[in-house]
Amino acid sequence: MVYAKGKTLILGSALGMHESDSFVLITTLVTAFGLALIFGYLAERFAKMPALVGYILAGVCVTLVPGLPDVDRAATQEFAELGVMLLMFGVGLHFSIADLMRVKKVAVTGALLQMTCSATAGALLATLAWDWSLPQALVFGLTLSCASTVVVMKALELRHYTSGAHGQVVIGWLVVQDLVSVFIMVCMPLMAQILNSPDALTPEAIAVSLSSTLLGVGVFVAIMLLVGRRLFPFVLRKVAELGSRELFTLCVLALAIGVAYGAGVIFHVSYALGAFFAGMVMRESNYAHRAAVNSLPLQDAFAVLFFVSVGLLLDWHVFIEEPLAVLFVMVIIMLITSTMSMLIVVFLGWPLQTAVIVGACLSQIGEFSFILAGHGISLGLADKETMSLIVAASILTIALNPVMFHFIPKVKFHWVTRYPFMRRAAMRENPLSRPTVAPGAAIAPVLDNHVIVVGFNPMVKGLLTRIKAQKLPVVCLVTPDESLPDPKELAPYGAALISGDPIDPMALIKARVTKAKLLVLPDENVVYNRQILTRARQLVPELKVLVRVPNVDEVSDIHADEDTCVMCDLEATAGAMAKEIDGVFHEVHGPEAPVRTAELDEGPQDMEVKDPGKLQKGVRLLGQQSAKGVAVCGQAIEGSAKWTGRWLRRRFNGEEEKDASHDDQPKGLKGLLSKLPFKKSDD
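Nothing here was measured: the structure is a model prediction, and the numbers come from that model.

What counts as what
Numbers given to residues run from 1 along each chain, matching the order in which its sequence is written. For this predicted model, a pLDDT threshold of at least 70 governs which residues receive local features, and a threshold of 80 or more governs which side-chain atom pairs are given and counted, while totals over whole chains, interfaces and linings are taken from all residues. Neither water nor hydrogens contribute to the side-chain values; these are computed over all heavy atoms in the structure. Pairs were defined over the aromatic rings of Phe, Tyr and Trp, the Trp ring being its six-membered one, requiring ring centres within 6.5 Å. Orientation was assigned from the angle between planes: stacked under 30 degrees, edge-to-face over 60, tilted for the rest. Secondary structure elements are taken from DSSP: a helix is a run of H or I of four residues or more, a strand is a run of E of two residues or more, and numbering for both begins at the N terminus. Between buried and exposed lies partly exposed: a residue is buried under 20% and exposed over 50% of the maximum accessible area for its type, with that area taken using a 1.4 Å probe on protein chains only. The rule is short: NZ of Lys or CZ of Arg within 6 Å of the ring centre and within 35 degrees of the ring normal puts a charge over the ring. What makes a salt bridge here is a side-chain nitrogen of Lys or Arg within 4 Å of a carboxyl oxygen of Asp or Glu, nothing more. Helix span, as expected, comes to 1.5 Å for every residue beyond the first. The angle between axes fitted to the seven-residue stretch ending at a residue and the seven-residue stretch beginning at it gives the bend at that residue. Patch building starts from residues that exceed 30% relative accessible area and form no salt bridge, then joins like charges within 9 Å and nonpolar side chains (Val, Leu, Ile, Met, Phe, Trp, Tyr) within 5 Å. Note that accessible areas follow from Shrake-Rupley with a 1.4 Å probe, and for residues the cover is restricted to the protein chains shown. Nitrogen and oxygen atoms within 3.5 Å of one another constitute a polar contact, given that in protein one can donate a hydrogen and the other can accept it, and given that sequence-neighbouring residues count only through two side-chain atoms. It only takes one pair of heavy atoms within 4.5 Å for two residues to be counted as in contact.

With respect to the packing of aromatic side chains
Logical step 1: In this structure the tally under the stated criterion is 12 aromatic pairs.
Logical step 2: A ring pair is formed by Tyr-55 and Phe-307, whose centres lie 6.4 Å apart and whose planes are at 45°; its orientation type is tilted. Taken together, the positions of Tyr-55 in helix H4 (residues 51–64) and Phe-307 in helix H14 (residues 288–312) put the pair 252 residues apart, joining distant regions of the chain. The same class applies to Tyr-55 and to Phe-307, which are both buried.
Logical step 3: An angle of 45° between the planes, with centres 5.2 Å apart, marks the rings of Trp-130 and Trp-132 as tilted.
Logical step 4: Through successive ring pairs, a cluster of aromatic residues spans Phe-220, Phe-267, Phe-276 and Phe-277.
Logical step 5: Over the ring of Phe-46 we find Arg-45, and its NZ or CZ is 5.3 Å from the ring centre.
Logical step 6: In this structure, Arg-290 is placed above the aromatic ring of Phe-248, and the distance from its NZ or CZ to the ring centre is 4.1 Å.

Pasting the structure below:
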């Protein structure tokens, strides 16, 4: 016992001596998560800005406010890298090669043209305005050409664009940017050698270096597509068959991080791109949705650390020493890059809506810009001044990115009212959308007092079946993406199909929401449903709306009133189960199960009634027969009175003639009862 106490004291003193060294990782997490929570809440609650702006301010606060616990910058950067890997893995789980091939024309061509324009504008600014050297200006221009995947994915998820055609174009664009950025990173050492000593390398050496780079990327992609598409789904299925939730989650994370690490170490591909391909090939498995759900909490947690790490990189002196330089960089990112991206998308034949969404998503820079700048500094192609400008511009553009989405309707209105070409672009059909009607069929019937159902999935199919049974007119408003049903699929349900984004008021008007009787929102995304509800209420304040929420905790997120019914999955399931249980007891005990106890089993009040309908029928029949009986009794009494009077007259007056009706009178009680309508019956 003494030894144990002594050992405890020694251990305690050792922990006290090295607490700052041993627990620096815990201190980093506590400080980062705590400040991120506070500033994220303030940004959402009071500034009406995305929480990620608060996360960045939390990182800035760590460097400015004295007395806060120490934060290990190196550990935070590694956590941020892990967050980017997990986020790209999640993107890959929702993206496929088929999706990339469908948007390859706009994604590949557009991304290459946009990166060229942005890099050229940045290099010209640095060379002409600031008199930077060519290597430094070139690296600076390249850092302005790639947007932040983390910011874009958060923006798409918030606005429910991830699975739509707009989101597919943006994600494909980002994938091309990442591939080009990886290629640039691999080529930067070669570029440094060429710029520093142009006579040291021959054209043959340059060609060999570039070929080896492309070969490494090509081999990695080929292995993932040929081997990973078969191996990963097999491994997930085998682990899932064990029934262990934590083991399945561990398998998902091990595959994601392991492939990302192998891609970087073996094939010199970025960790983020490796994780993206891991998620993309894992998408072929039937357990892809479960993998996405299990990895989502870690994605969110480490994404927070990424934004905190961005704030840690800021040198606030740059806003005082070079405010105009920061402003010019923001102009390149938010105006030149954004405008060029929109014009490229329009000229490639896509609708104006897709163009403005792409422009808004690309109006900021992020993680790859920091990676390229850091790589350039390590090779002597850039300096810390470059990094300071990039970080300052990144923080401001990320913070202002929601403002760009806010101006989308105004930009569309300005372009459509001033330029006929933009009006034609706004009327274009999405190239990814299938025809919304069968050949020769009408676009949609002119309906009044109809039901609008948003989306089309197995749950909606069951709902349409019941709506058809009620013979109600119905319209399905579906986002034009890969889930858009063929009009022939809706024919058995008698439903019309409208293609459009339900958040867009024009799509709701196209579905004749002003004439509708009911709007049904069956999607489980509460934020998405709330946005649609807000747009619908702006058009028709008194519209009846039925909203689905997945759990009880989210019921309060939807404002329920006399025109809005909120249905929770838990309550609906409980109600359906109770109905089935009630049906089983009806089969055994009748419509009302008997309640019999020793105390209540005495007296006529406990008579068991198995069929109330039969009882009502008997009571009604008894009433009818009673009425007939009363009538017969009245007739019998009247006849008896007449017969008695005649008998008395004959008795006392000496009349001997026989009454003709004498034989027709009832003889005694038996004769009277024979005239009554009551008969023996089982009823």
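There's more to say after this.
A look at the pattern of salt bridges
Logical step 1: Inspection of every chain in the model, using the stated rule, returns 1 salt bridge.
Logical step 2: For Asp-563, the salt bridge goes to Lys-544, with nearest N and O atoms at 2.8 Å. With Asp-563 in the loop between strand E5 (544–549) and strand E6 (564–568) and Lys-544 in strand E5, this pair connects stretches of sequence that are 19 residues apart.
Logical step 3: Judged by relative accessible area, which is 14%, Asp-563 ranks as buried.

Some words on H14
Logical step 1: When the terminal C-alpha atoms of H14 are compared, their 35 Å separation across 25 residues agrees well with the 36 Å that a helix rising 1.5 Å per residue should span.
Logical step 2: Along its length, H14 reaches its greatest deviation from straightness, about 40°, at Ser-295, and the proline Pro-297 lies no more than four positions downstream.

Some points on a nonpolar patch on the surface
Logical step 1: A grouping of Leu-215, Val-219, Ile-223, Leu-226, Val-227, Leu-231 and Phe-234 is seen on the molecular surface, where their side chains present a nonpolar patch of about 620 Å² in accessible area.
Logical step 2: Inspection of the secondary structure assignment puts Leu-215 in helix H11 (residues 203–240).

A word on the side chain of Thr-386
Logical step 1: Along the polypeptide, Thr-386 turns up in helix H19 (residues 384–406).
Logical step 2: A relative accessible area of 0% means that Thr-386 is categorised as buried.
Logical step 3: For Thr-386, the side chain forms a polar contact with the side chain of Gln-136, separated by 3.1 Å.
Logical step 4: Contacts of Thr-386, omitting those with residues within four sequence positions, involve Trp-132, Gln-136 and Phe-140.

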